[in-house]
Amino acid sequence: PYTFNKSLHHLIRSNCGDLSLKLLFHFLSRGYTPHLSSFNSVISYFCKLGHLNSAQNLLNSMPKFNCSPDIVSYNSLLDGYCRFLNIRGACLIMKRICCGGGNVRPDLVTFNIMFNGFCKAGMEGAAFMYMGVMWKYCIPNVVTHSTFIDMFSKMGNLDMGFRVLNGMRRDGILPNSVVFTSLIDGCCKFGNMGEAFQLYGEMTESSLLPNVVTYTALIDGLCKQGMLERAEFLFSKMLEDGIRPN
RNA sequence: GUUCAAAACAU
């Protein structure tokens, strides 16, 4: 059984999800009991493919195999609904987490998933409402902040993006390179290359390494504004930094 | 060992 769990995770990590499914069902039919994390890996795999019903069915069937879904199982499913912008479905799962039977409680990841769903669906009002609910359970982390920064960046509301950045710093949460890259991309897309490079500077000053996504956002901004020579220059800078273009 | 946030991609 231990070897089985190992293989299952390995297959999913190496993009052989189909095989992992066959493996799981083969073992279930022979009466083996997979570990909770094996169920969760497969649930998450289904969700990323958009097979939400299969994921849901698998989750529902876990008790038959002496395994209770935990918050990770539910979070995976919740994220599936959010990824495909099925906010109604997500809310139903949320209800089940909060007041359905009750051996699970929402955690910070649960809220981050909901925020991301609302943000990507353009439902900022709902995102802010949930912020209030979150405070009863947990304290926001760097992912929470970067989700909101990304939402503001995509809306072109750079002022609010910077406010969230400053707010997190005030609260002692260190911005990471995802946070910077989200805001840099917002600046680039809304024609504020100056701010974008300022952030790039702050990033390196705080010894965060700009990665290939950071560079792509900047290079894309420069290209789309016709600054091709600056784009080329930045591209060579990226190579000097030892970052491989993809 | 399993769940959440960032970029680009012509025809």
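See the structure printed just above.
I will try to describe carefully the structure that is included in this document. (Residues numbered from 1 in each chain as written. Chains lettered and ligands numbered in written order. Predicted model: local features only at pLDDT ≥ 70, side-chain atom pairs only at ≥ 80, totals over all residues. Heavy atoms only, no water.)

## Brief notes about the packing of helix 7 (residues 108-120) against helix 8 (residues 124-134)
Piece 1. Running from N to C, helix 7 and helix 8 point in directions that differ by 165 degrees, and their axes come no closer than 8 Å. One element, helix 7, and the other, helix 8, form an angle in the roughly antiparallel class. Helix-helix and strand crossings are classified by hand; for helix 7 and helix 8 the assignment is left-handed. For the pair formed by helix 7 and helix 8, the contact residues are Leu108, Phe111, Met114, Phe115, Phe118 and Cys119 on the first element and Glu124, Ala126, Ala127, Tyr130, Met131, Val133 and Met134 on the second.
Piece 2. In terms of residue class, the contact of helix 7 with helix 8 is made up of 12 nonpolar, no polar and 1 charged. (Axes fitted to C-alpha atoms, helices over the stretch in contact; angles between N-to-C directions. Helix = DSSP H or I, 4+ residues; strand = E, 2+ residues; numbered from the N terminus. Parallel < 35°, antiparallel > 145°, perpendicular 65-115°, else oblique. Left-handed = near helix turned anticlockwise from the far one by under 90°. Contact = heavy atoms within 4.5 Å. Nonpolar A, V, L, I, M, F, W, Y, C, P; charged D, E, K, R; others polar.)

## So, the side chain of Ser61
Piece 1. Here Ser61 is to be found in helix 4 (residues 52-61).
Piece 2. There is a polar contact of 2.9 Å between the side chain of Ser61 and the backbone oxygen of Leu58. (Polar contact = N/O pair within 3.5 Å; in protein donor to acceptor, adjacent residues only side chain to side chain.)

## Points about unusual backbone geometry
Backbone phi values are negative for most residues with the exception of glycine, while trans is the configuration of most peptide bonds.
Piece 1. Of note, the phi angle at Leu85 is positive, near 55 degrees, even though the residue is not glycine.
Piece 2. The exposure class of Leu85 is partly exposed, given its relative accessible area of 46%.
Piece 3. The phi angle at Ser207 is positive, at roughly 50 degrees, despite the residue not being glycine.
Piece 4. Residue position: Ser207 is located in the loop between helix 12 (193-205) and helix 13 (212-224).
Piece 5. Note on Ser207: relative accessible area 60%, which makes it exposed. (Buried < 20%, exposed > 50% of the residue type's maximum accessible area, 1.4 Å probe, protein only.)

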